[in-house]
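Next come the chains, spelled out residue by residue.
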Amino acid sequence: MRVAYPAVFTPYTDGGFSVYFPDLEGCYTCGDDIPDALMMAEDVLALVLYGYEADGKVIPEPSKADGFDLSYGEFVNY
């Protein structure tokens, strides 16, 4: 089964980004720039989903990207 979860990217004042997946508990990371943040987001998503499966947790359905209240500078990516 393939699903795509929305990730919220929040810029830091120093140029880095924090990233979190609102649909998944404990699924957050950061990166030095957008390419690094994207790579880190892919890694943390895979690890958290693996943990859900290993623990027998129900994997939630992904939200729609247009349902988030974003702050200035934030954006959503899948």
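The rules behind these values
Residues numbered from 1 in each chain as written. Predicted model: local features only at pLDDT ≥ 70, side-chain atom pairs only at ≥ 80, totals over all residues. Heavy atoms only, no water. Phe/Tyr/Trp six-rings, centres within 6.5 Å; stacked < 30°, edge-to-face > 60°. Helix = DSSP H or I, 4+ residues; strand = E, 2+ residues; numbered from the N terminus. Buried < 20%, exposed > 50% of the residue type's maximum accessible area, 1.4 Å probe, protein only.

Is there a simple way to think about the packing of aromatic side chains in this case?
Here a ring pair, both rings aromatic, is described through the centre-centre distance and the interplanar angle of the planes. All chains considered together, the criterion is met by two aromatic pairs. Each ring, one from Phe9 and one from Phe75, has its centre 5.0 Å from the other, and the planes form 5°; the classification is stacked. A residue pair is termed long-range when its members are at least 10 positions apart, and Phe9 in strand β1 (residues 7-11) and Phe75 in strand β4 (residues 75-77) qualify at 66 residues. Owing to a relative accessible area of 1%, Phe9 belongs among the buried residues under this scheme. Relative accessible area serves as the criterion here: at 28%, Phe75 is assigned to the partly exposed category. Here the aromatic rings of Phe17 and Phe75 are separated by 6.1 Å at their centres, their planes lie at 75°, and the arrangement is edge-to-face. Of this pair, Phe17 sits in strand β2 (residues 17-20) while Phe75 sits in strand β4, placing them 58 residues apart in sequence. Its relative accessible area of 12% is what places Phe17 among the buried residues.

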